[in-house]
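A closer look at the structure
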Amino acid sequence: MSQFARSPVTAVLGPTNTGKTHLAVERMCGHASGMIGFPLRLLAREVYDRVVRMKGVESVGLITGEEKILPPKAKWLLCTAESMPLEREVAFVGLDEAQLGADPERGHVFTDRLLRARGYAETMILGSDSMKPMLKTLVPDAEIIGRPRFSTLSYAGAKKLSRLPRRSAIVAFSAEEVYAVAEALRRLRGGAAVVMGALSPRTRNAQVAMFQAGEVDYLVATDAIGMGLNMDVSHVAFASLSKFDGRRQRRLTVAEMAQIAGRAGRHQKDGTFGALHDEGPSAFTPEEVLALEAHKVPRLEHLYWREGEPDFDSIDALVASLEAKPREEVLRAAPEAVDLAVLKRLAEEDWVRARVRSPRMVARLWAACGLPDFRKLGVDPHARFVGRLFGHLSEANGHVPHQWFADEIQRLDNMAGDVETLAGRIAAARSWAYIAHRADWLQDPIHWAERTRAIEEKLSDALHASLTQRFVDKRTTVLLRQIGADASNLPVTIGPEGEVSVEEHPLGTIHGFRFTVQPDARAADKRMLLAAAEKRLAGEYRKRGEALINAADTELVIVPRRRPGPSLESSNAESGPRPSPGNNTVEWRGSAIAELRPGPNLVRPKIVLDRALDILDPPVRNAVQARLEGWFAAQVARQLPSLSKLDAASRDPEAGGPLRALANALLDAGGLLPRRAAAALVEGLDADARKRLRAIGITIGTLDLFAPGLLKPGAAKWRRELMALAEAPPEGSTVLPRNAPGADLAHGFRPLGAQAVRVDLVERIARAAHDARQGRKPFMPDSALATSIGLTPETLARLMAQLGFKAARARESEPQRWIWQGLTPIAKPRAAPTDNAFAVLAGLRGG
């Protein structure tokens, strides 16, 4: 292999974090021209940006499979190892991560560059100490320089995700595992940046910039992080210690572990490494820990090789040369790569052999087979795609059809979708970018290269946004950072509408004494946000508690939780209607602060503070409790004075047993009770008790006992709310259709046939009838009162019957009007008359 040596070769070997890449860039820029091959497109792009700042954009080129920036005067080139233009004469050539020659998938590329890539002034090979025996055998004249690590790398043990220090990188070995770890970090620590080799440079740079700027404190990456990507990482944690290498799942080698762990620390800043598990296959062995800390990696025993200048005389000659055995003992034939597998598939096609009849077409077929399988479709699907591509390259003018290319990239110009969908589109876009950067594959390659670049950039921006949205919660990051510094200094601010935020990141909203986490916070975040915010909201709660204690009566309102109340017809005729229990709430400034639960009676409910007020100190809670009880008693005394007085009478030992019993019955019924249900209690009242009852405001009516004041709109509303009655009758109503809302005794209306009449008006008609009669003589009451109220003749007839009158006869001139006769003794009322021959033994009951 010595015939390739055209300049001194220097090998700079050592562990990671030794500045080898920086040294190579400086040496290259010291020459008139130069070229460095890197293992990753991302790393080539990173170094390209650095050299552009040093030499200017017109003097620097970037060559990768999917991207080519090659100004006419470019002197310094940054490339992926596969894309290095070896035919180009340059003063300096560098090869980074040369130990990748031992990689089964790409190793033959790095071995070929190690053997054939030379600068005419200087050649530099960068790699790990494991390369020494290989270099001494393959490049015996190379000067080997050891490069020690600038800082210490030490084992920090196993740490769970929740305990990882800030500025940590977590390394996983599949996209699914990367996403799972990033999702867990979003919940536990506010989020993480994501770096994978499959990301476009634009997405990767945006994610890394977020990490470098401190917007997130964690980075989740694949083993691509070990390939020279420069980031300020203090700790590297391994999510697992095994990977799928394309053929099988295997444990990482010590060299691979060292490559990744070595990214911890920067220049002279020490770093640490560890795992997420302290036992099992995902834990380090003591021997591995010792080797990593001492930077002792096993020497490589072989490298993979494949002919770098194959025979293009025919397809068979090409395949044979690519499968040739190496002549050096330390070299091993490379396993069959995707490009060779695709070539063999296409070689079985008759149409392919028919078109490949010259060395030029053989070379063109091999170039098409070199299209990487960016989408990871597998050999057969990828071979079909390459076959279609070669079909176009081998017919007509040898160019890919404009319409096919345009249609395919237009289909990718779609920014919708989740992380996986966008990543898939970017992978597909890379295939078309690779095609566009082949100068002889398209009629207008510059135009299409720019078009694919624009689409990839748009997809990259969308992917970055999607990754950030999915795996980063800046609110939680800031919150945890503040808590980590000093929980007592958490900068919680409260806006005029109760918006709670930390450094302009919204956490939630405080309504009354209840803090509600932002709706977009996931379930796993809520407990942490709730606890963190409420630590700093204690002062605000105390202020609100004091404001509630001193609040004006008008700031407190009762909000009913209505339940359907029973109608008169559904009630026991002797016991009267009883309200369905319902727990009303007391609100202050629009927030529930207490609940009215059943107590001794209607006007003395049990006031139970809302659980949200548990946040208050006990003295403040007790003061709030006393304030609400005093407010409620005052409101009842003002709005429902008769009920308040009934309550006092029910507890007054001097009121006497019958009055106290009747007062309790009236309270249970909300101050309105059918007289039949309380007949015995009414009969037991003496003159003083009746007088006191009238002073309270209770009327002992012909048919009902009621307090007229309770029928007024304001009092009626309070009464309905306390009794949790259902739909209210229209305000100011005197007569309602029988099926109308509130047409029952519970709401103060007595049903009479097709109508329901307000009980105080029933009593007025009863009094008028009593005043109009003359003993048992037939009489005709004045119908003007009933008509003015809105009673129909049928309703009046039913009412007169219930009052204890019988229909004597109808007037001949006005058949709809009746002459009535009152009888004694008292008897059960009968239905309204339907004909002239009608008799009822009843008498008007006195009050």
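A few points on the structure. (Residues numbered from 1 in each chain as written. Predicted model: local features only at pLDDT ≥ 70, side-chain atom pairs only at ≥ 80, totals over all residues. Heavy atoms only, no water.)

When its secondary structure is counted, the protein chain shows 28 helices and 34 strands. Here the protein chain holds 847 residues, and 53% of them are scored as buried. Intrachain contacts of the protein chain at a sequence separation of at least 6 include 68% that bridge at least 24 residues. Total accessible area on the protein chain stands at roughly 38,000 Å², and carbon and sulfur atoms take up 50% of it. (Helix = DSSP H or I, 4+ residues; strand = E, 2+ residues; numbered from the N terminus. Buried < 20%, exposed > 50% of the residue type's maximum accessible area, 1.4 Å probe, protein only. Contact = heavy atoms within 4.5 Å. Areas by Shrake-Rupley, 256 points an atom, 1.4 Å probe, with all protein chains shown as cover.)

Formed by 70 residues in total, the largest nonpolar core has its most connected members in Ile-170, Leu-343, Leu-365, Phe-405 and Ile-435. With nine residues, helix H15 (residues 419-436) is the largest single contributor of residues to this core. Every residue in contact with Leu-343, bar those within four places of it in the chain, is listed here: Leu-318, Val-319, Leu-322, Leu-365, Trp-366 and Cys-369. Formed by 60 residues, the second largest nonpolar core is a distinct cluster that contains Ile-593, Leu-693, Ile-700 and Leu-705. (Core = buried A, V, L, I, M, F, W, Y, C linked by side-chain atoms within 4.5 Å.)

All right, on to the sheet that holds strand E31 (residues 749-752) then. Overall, antiparallel pairing links the three strands, which are arranged E30-E32-E31 in an open sheet. In this open sheet, the two strands that pair with only one neighbour each are strand E30 (735-737) and E31. The mean inter-strand angle of the sheet, taken between neighbouring strand axes irrespective of direction, is 25°. Its contacts with the sheet put helix H26 (residues 759-772) on E31 and strand E32 (755-758), and the angle it makes with E32 is roughly 85°. Docked against the sheet, helix H28 (residues 793-803) engages E31 and E32, running at close to 105° with respect to E31. (Pairing = 2+ DSSP bridges. Axes fitted to C-alpha atoms, helices over the stretch in contact; angles between N-to-C directions.)

It is worth spelling out the packing of helix H6 (residues 201-212) against helix H16 (residues 445-471) at this point. Following both chains from N to C, one finds H6 and H16 inclined at 35°, their axes separated by 8 Å at the closest point. Helix-helix and strand crossings are classified by hand; for H6 and H16 the assignment is right-handed. Judged by residue contacts, Pro-201, Arg-202, Thr-203, Ala-206, Gln-207 and Met-210 of H6 engage Glu-456, Glu-457, Ser-460, Asp-461, Leu-463, His-464, Leu-467 and Thr-468 from H16. Here the residues of the contact of H6 with H16 are counted per class, giving five nonpolar, five polar and four charged. (Left-handed = near helix turned anticlockwise from the far one by under 90°. Nonpolar A, V, L, I, M, F, W, Y, C, P; charged D, E, K, R; others polar.)

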